[in-house]
Amino acid sequence: MSNRQLFTIQSFKNYIYNRCKTHCRNTNESATFVDYLINHREDWDCFLCKTNLIEILYQNNIYMNNNTIVDHYHIYDEGKGPIRALLCKSCNIKEVKIYADIKLGISYVQLLNKYEIKYGKQFLNNIELYYNERGGMWPMDTSED
């Protein structure tokens, strides 16, 4: 991974906890997410594109990609809401654009046509899964008929 930060396990926990506290109103949820993340390395990849964001190397040092975002659902005042997952910066930007299109009432088929070339159907399927599993909304019928 290029452009990455080196952490010990404890400094990594502190860093992620502080990032979570910045975005989430519930500090208990922040602590729970940090513990979850340490114990679930399968979630160290971007939820949407599956790019590796975090890895442990020799002597339990953790390397984190500088483009790692602690994504959260913007449902409360000041944009603070429940933590959803780790995303890369690129996918976080794409997710915001697609979410805006959904709020404008664009149909699933229109989304497929609009984003097929740039992101592909698998990416849209991952976003649907992301909203359904991790909070947010996917308020449309996803059948292509």
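Residues numbered from 1 in each chain as written. Predicted model: local features only at pLDDT ≥ 70, side-chain atom pairs only at ≥ 80, totals over all residues. Heavy atoms only, no water.

Caption draft 1: Structural context of the overall build of the chain. When you go through the chain residue by residue, the secondary structure sums to five helices and five strands. Across the chain, helices and strands are ordered from the amino to the carboxyl terminus as β-α-α-β-β-β-β-α-α-α. For the chain, the exposed area adds up to about 8200 Å²; of that, 47% sits on carbon and sulfur atoms. (Helix = DSSP H or I, 4+ residues; strand = E, 2+ residues; numbered from the N terminus. Areas by Shrake-Rupley, 256 points an atom, 1.4 Å probe, with all protein chains shown as cover.)

Caption draft 2: Representation of the nonpolar core. With 36 residues, the main nonpolar core has Phe-12, Ile-16, Phe-33, Leu-48, Ile-54 and Ile-98 as its most contacted residues. Elements with a minimum of two residues in this core: α1 (9-23), α2 (27-39), β3 (62-65), β5 (83-88), α3 (89-103), α4 (108-115) and α5 (120-134). (Core = buried A, V, L, I, M, F, W, Y, C linked by side-chain atoms within 4.5 Å. Buried < 20%, exposed > 50% of the residue type's maximum accessible area, 1.4 Å probe, protein only.)

Caption draft 3: A look at the sheet that holds strand β1 (residues 4-7). The antiparallel open sheet is built from three strands, whose spatial order is β1-β3-β2. Every other strand in the sheet has two partners, leaving β1 and β2 (54-56) as the edge strands with one partner each. When the angles between neighbouring strand axes are averaged without regard to direction, this sheet yields 20°. The pairing of β1 with β3 spans four bridges and is antiparallel. (Pairing = 2+ DSSP bridges. Axes fitted to C-alpha atoms, helices over the stretch in contact; angles between N-to-C directions.)

Caption draft 4: Main features of the environment of Gln-59. Within the element layout of this structure, Gln-59 appears in the loop between β2 and β3. Between the C-alpha atoms of Gln-59 and Thr-8, which are 51 residues apart in sequence, the distance is 9.0 Å.

Caption draft 5: View of the packing of α3 against α4. Relative orientation of the contacting elements α3 and α4 amounts to 145°, with a least axis distance of 11 Å. For the element pair α3 and α4, the recorded crossing hand is right-handed. Residues Lys-97, Ile-98, Asp-101 and Ile-102 of α3 form the contact with α4, whose own contacting residues are Leu-111, Lys-114 and Tyr-115. Across the contact of α3 with α4, the residue classes tally to four nonpolar, no polar and three charged. (Left-handed = near helix turned anticlockwise from the far one by under 90°. Contact = heavy atoms within 4.5 Å. Nonpolar A, V, L, I, M, F, W, Y, C, P; charged D, E, K, R; others polar.)

Caption draft 6: Focus on α4. Within α4, burial applies to Tyr-108, Leu-111, Leu-112 and Tyr-115. For α4, the buried positions fall inside an angular range of 100° around the axis, keeping them on one side. (Arc of directions from axis to C-beta.)

Caption draft 7: Spotlight on the confidence of the model for the chain. Scored by pLDDT, the chain has a mean of 77; 81% of the residues are at 70 or more. Predicted confidence in the chain is weakest over α2, with a mean pLDDT of 77, and strongest over β3, with 87. Contacts of residues 139-145 to residues separated by more than four positions or lying in other chains number 15 contacts, the stretch itself having pLDDT below 50. (pLDDT = per-residue confidence, 0-100.)

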